[in-house]
Number of protein chains: 2
Amino acid sequence: MIQTPYLLFLGDAPDPLAAKVAQGIKDWRPEFAIGQFRMEGCRADMGLPDMTLAEAKAAGARTLVIGVANRGGVISAAWKKVLVTALEEGFDLASGLHNLLRDEPDLKAVAEATGRALHDVRVPSVKYPIANGEKRSGKRCLAVGTDCSVGKMYTALCMEREMVARGMKASFRATGQTGILITGDGVPLDAVIADFMAGSVEWLTPDNDPDHWDLIEGQGSLFHVSYSGVTMALIHGGQPDALILSHEPTRTHMRGLPGYGLPALEDLRDMALTLARVANPACQVVGISVNTAALSDDEARACCAEIEARMGLPTVDPYRHGAGRLVEALAAV
Amino acid sequence: MIQTPYLLFLGDAPDPLAAKVAQGIKDWRPEFAIGQFRMEGCRADMGLPDMTLAEAKAAGARTLVIGVANRGGVISAAWKKVLVTALEEGFDLASGLHNLLRDEPDLKAVAEATGRALHDVRVPSVKYPIANGEKRSGKRCLAVGTDCSVGKMYTALCMEREMVARGMKASFRATGQTGILITGDGVPLDAVIADFMAGSVEWLTPDNDPDHWDLIEGQGSLFHVSYSGVTMALIHGGQPDALILSHEPTRTHMRGLPGYGLPALEDLRDMALTLARVANPACQVVGISVNTAALSDDEARACCAEIEARMGLPTVDPYRHGAGRLVEALAAV
């Protein structure tokens with residue numbers, strides 16, 4: 001539905017993590033990302049050519065994708081100027097922000113006048129059911145994190161890519177705006193009404209072949225007080241057969257919560273497994289994914305080895321080292 | 001805002017639990033409830049006079065309150081006929097259903113034509129923040145249940161009534177439609193967008209006097225796969241200093257989930273306390289409330305005594321035996 005290729009709008013991203021939507025598209029659908037648009041003060045860089053709107057248009061870009069998230073999701077006046085110009089120059093807009101494009105009177109008016117589309121992937125387009133807890137056929141894997149933004153989506157995407165390469169049946173199931181912009185469908189879970197969260201995850205991961213795996217995109221963390229309810233709904237709606245623990249070893253406090261330290265992987269394991277077994281008594285923790293982006297090669301290897309020795313579970317950075325060992329652990333379930 | 005007194009609409013409630021909205025109003029604001037309206041097949045009874053719309057109008061009723069919940073919240077054709085007639089006879093309507101009165105074209109048209117009000121307390125009227133996890137002054141108590149509908153709201157209301165009677169500072173904080181219909185304000189938590197759930201609970205329970213207690217209305221259960229995410233947001237947004245465990249001893253399976261047994265109180269205690277201490281390391285489990293409505297006096301006493309001996313915590317049915325011991329446990333925190 002969203003016209004490709006994209007120009008990725010990085011705005012005035014305060015740090016690289018804020019641009020994880022753009023990074024995800026660039027990493028998983030590089031053929032869709034032909035350039036980036038950065039404003040003054042932008043601290044993110046996808047390594048793509050910096051383009052003006054006119055340059056991107058000349059290069060064939062069809063849609064300006066807002067690749068940067070603001071906490072709370074506000075569209076600033078400085079952004080607005082770029083977005084209006086983009087519509088006028090013939091781009092569609094796509095966004096996963098809470099603050100919807102369609103709710104901005106000027107964007108809506110210009111889009112209507114120019115005949116361009118506003119894609120708000122944040123907004124659920126389905127009336128989800130209340131979860132019924134019934135057992136479904138097929139298998140499901142969910143990554144749960146010690147914190148938000150520790151690599152849960154990348155873990156699932158790496159595993160899907162590796163499983164498909166090995167001829168296994170696997171589907172990445174997007175639960176956030178980045179995943180939805182990458183794959184074209186999914187559930188924007190953090191925008192779902194509370195009562196229907198677990199039901200939307202059941203809807204996203206229906207009955208399937210007995211040897212098919214859903215790789216469900218994780219969200220939040222059981223230990224992140226702002227978003228833990230969303231994580232809980234994934235665990236109980238997803239009925240995972242396998243859990244992957246995800247961790248970022250250099251994080252000094254929970255993201256956005258300076259007063260909160262990270263839990264130990266042991267605490268995450270015990271908490272997540274106990275909760276998961278409410279919905280699926282056969283659930284197992286099968287491996288650990290470590291986001292080692294901030295470490296050197298030697299440090300990354302040492303970090304994974306230390307965690308593997310301590311936890312007794314296959315431990316890799318699937319983006320850096322490959323997801324093979326995690327996939328083998330899954331196959332052994 | 002909602003005009004009193006009420007006629008309580010029980011519809012064709014399939015069982016007494018389905019009419020817990022009406023029961024709550026009758027128990028906690030009996031002066032507002034002058035009669036009940038029941039349809040054929042109704043299996044709920046508030047012990048109030050059965051009235052036609054005309055009789056209730058003559059007795060002074062101003063608002064027809066929908067006191068019965070349907071799973072999924074659908075307004076049937078049979079209900080609709082009564083609601084339209086009520087508007088025509090001069091009643092306002094008030095409802096906590098998911099299916100909003102204002103979304104029904106016929107109800108909306110008749111309400112506009114007759115000048116009557118449609119109150120949908122289900123719908124949030126506030127733009128809630130994302131939770132920031134910061135410590136707030138004052139104290140907070142939350143009831144967490146082994147299942148849904150086990151008496152968490154009644155526990156909080158009983159404790160508030162007892163605390164106020166003792167001259168303590170206490171406020172019941174409503175998080176569901178019944179509580180909101182009873183008290184006139186609160187957060188309709190199960191209708192809040194996922195990302196803002198915990199933030200809405202922070203908003204509901206702001207800084208207060210050091211010796212003031214919020215009695216936060218619980219929702220769902222950590223062990224109920226349909227609604228556990230909502231419970232999680234209450235635990236992390238509410239930052240409770242004290243937890244009460246709530247239980248209904250005759251329940252054979254989780255409400256609405258025939259395949260799911262109830263957790264042991266020990267499992268609820270350990271899980272809820274571990275999670276609560278993420279947000280408030282000083283949190284304690286201070287007592288147990290048992291909904292003994294299905295038991296005889298002797299059975300109720302024996303049940304509470306058995307649980308108290310096993311768990312080592314003050315255990316009462318606060319509605320049947322009074323909330324004094326729970327309030328004393330709270331005062332000792």
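Since the model is a prediction, treat every value here as computed from it, not as a measurement.

Basis of the calculations
- Residues numbered from 1 in each chain as written.
- Chains lettered and ligands numbered in written order.
- Predicted model: local features only at pLDDT ≥ 70, side-chain atom pairs only at ≥ 80, totals over all residues.
- Heavy atoms only, no water.
- Buried < 20%, exposed > 50% of the residue type's maximum accessible area, 1.4 Å probe, protein only.
- Helix = DSSP H or I, 4+ residues; strand = E, 2+ residues; numbered from the N terminus.
- Pairing = 2+ DSSP bridges.
- Least-squares fit on C-alpha atoms with pLDDT ≥ 70 in both.
- Contact = heavy atoms within 4.5 Å.
- Domains from an automatic or database assignment.
- Buried area = accessible area lost by both parts, 1.4 Å probe.
- Polar contact = N/O pair within 3.5 Å; in protein donor to acceptor, adjacent residues only side chain to side chain.
- Nonpolar A, V, L, I, M, F, W, Y, C, P; charged D, E, K, R; others polar.
- Axes fitted to C-alpha atoms, helices over the stretch in contact; angles between N-to-C directions.
- pLDDT = per-residue confidence, 0-100.
- UniProt positions renumbered as here; feature names shortened; annotations may be inferred.

1. A look at the pairing of strand β4 (residues 92-95) of chain A
All names here are of chain A.
1) Next: Along β4, one buried face is formed by Asp92 and Ala94 and the opposite face, lined by Leu93 and Ser95, is buried too.
2) Next: Of the strand pairs in this sheet, strand β3 (residues 63-66) and β4 are connected by 3 bridges, and their pairing is parallel. Bridge pairing in β4 places threonine 63 opposite aspartate 92.
3) Next: Bridge analysis of β4 against strand β5 (residues 118-120) gives 3 bridges, and the strand direction is parallel.

2. With respect to the relation of the copies chain A and chain B
1) Next: For these two chains of identical sequence, chain A goes onto chain B by a turn of 180° and a shift of 0.0 Å along the axis, with RMSD 0.0 Å. In the structure described here, the two chain copies are related by an operation that fits a two-fold rotation axis.
2) Next: Take the interface residues of chain A: 97% of them recur as interface residues in chain B, which is what a same-surface contact looks like.

3. Examining the domain arrangement of chain A
Interfaces are often described in size by the accessible area the parts lose on coming together.
Residue and element names in this part refer to chain A.
1) Next: Domain annotation for chain A reports domain 1 (6-120) and domain 2 (139-332).
2) Next: Taken over C-alpha atoms, the centre of domain 1 sits 28 Å from the centre of domain 2.
3) Next: Counting residues at the interface gives 17 residues for domain 1 and 17 residues for domain 2.
4) Next: A buried area of about 1,600 Å², summed over both sides, lies between domain 1 and domain 2, and 57% of it is on carbon and sulfur atoms.
5) Next: On the surface where domain 1 and domain 2 come into contact, there are 4 residue pairs in polar contact (both at pLDDT 80 or more).
6) Next: Per-element tally for the side of domain 1 that touches domain 2: the top contributor is helix α1 (residues 20-28), with 7 residues.
7) Next: Residues that form the side of domain 1 that touches domain 2 fall into these classes: 8 nonpolar, 4 polar and 5 charged.

4. Let's talk about unusual backbone geometry
1) Next: Here threonine 4 of chain A and proline 5 of chain A are connected by a cis peptide whose omega angle stands at 0°.
2) Next: For proline 5 of chain A, the position within the fold is in the segment before β1 (6-11).
3) Next: With phi around 45°, glutamine 239 of chain B is a residue other than glycine that occupies positive phi space.
4) Next: Counting through the fold element by element, glutamine 239 of chain B comes out in the loop between α8 (228-238) and β9 (242-247).

5. Digging into the sheet that holds strand β6 (residues 139-145) of chain B
All names here are of chain B.
1) Next: One open sheet accounts for 6 strands, arranged β7-β8-β6-β9-β10-β11; its pairing is parallel. Both outer strands of the open sheet, β7 (169-173) and β11 (315-316), are each paired with one neighbouring strand and no more.
2) Next: Where β9 lies against strand β10 (residues 284-290), 6 bridges are found, and the strand directions are parallel. Each bridged residue has a counterpart across the sheet, and for leucine 245 the counterpart in β10 is isoleucine 288.
3) Next: Contacting β6, β7, β8 (212-216), β9 and β10, helix α5 (residues 152-165) runs over the sheet at an angle of about 155° to β7.
4) Next: Across the sheet, helix α12 (residues 324-331) lies against β6, β8, β9, β10 and β11, angled at about 175° from β10, the strand it touches most.

6. Re the environment of glutamine 219 of chain A
All names here are of chain A.
1) Next: Structurally, glutamine 219 can be placed in the loop between β8 (212-216) and α8 (228-238).
2) Next: Counting along the chain gives 68 residues from glutamine 219 to glycine 151, while the straight-line C-alpha distance between them is 9.9 Å.
3) Next: Residues contacting glutamine 219, with those up to four places away along its chain left out, are Lys152, Thr175, Gly176, Val230, Thr231 and Leu234.
4) Next: Only 2.9 Å separates the side chain of glutamine 219 from the side chain of threonine 175, close enough to count as a polar contact.

7. Some remarks on the confidence of the model for chain A
1) Next: For chain A, per-residue confidence averages 95 on the pLDDT scale, and 99% of positions sit at 70 or higher.
2) Next: Our summary of model confidence lists the complex with pTM equal to 0.87 and ipTM equal to 0.87.

8. Regarding the sheet that holds β1 of chain A
Residue and element names in this part refer to chain A.
1) Next: If you walk across this open sheet you meet the 5 strands as β2-β1-β3-β4-β5, and the pairing is parallel. Lying at the two open borders of the sheet, with one neighbouring strand each, are β2 (33-38) and β5. Across this sheet, the average inter-strand angle for adjacent strands is 25°, counted without regard to direction.
2) Next: In the packing of helix α3 (residues 77-88) onto the sheet, the strands contacted are β1, β2, β3, β4 and β5, and the crossing angle to β3 comes to about 160°.

9. Regarding helix α1 (residues 20-28) of chain B
1) Next: Buried residues of α1 of chain B: Val21, Ala22, Gly24, Ile25, Asp27 and Trp28 of chain B, and no others.
2) Next: On its buried side, α1 of chain B packs onto β1 (6-11), β2 (33-38), β3 (63-66), α5, α6 (177-183) and α11 (318-321) of chain B.

10. Some words on the UniProt feature "domain: D-glutamate N-acetyltransferase-like C-terminal" (unreviewed entry) in chain A
1) Next: The sites that carry the UniProt feature "domain: D-glutamate N-acetyltransferase-like C-terminal" (unreviewed entry) are, in the present numbering, residues 130-327 of chain A.
2) Next: Helix makes up 39% of residues 130-327 of chain A and strand 16%, whereas the separation of the span's terminal C-alpha atoms amounts to 31 Å.

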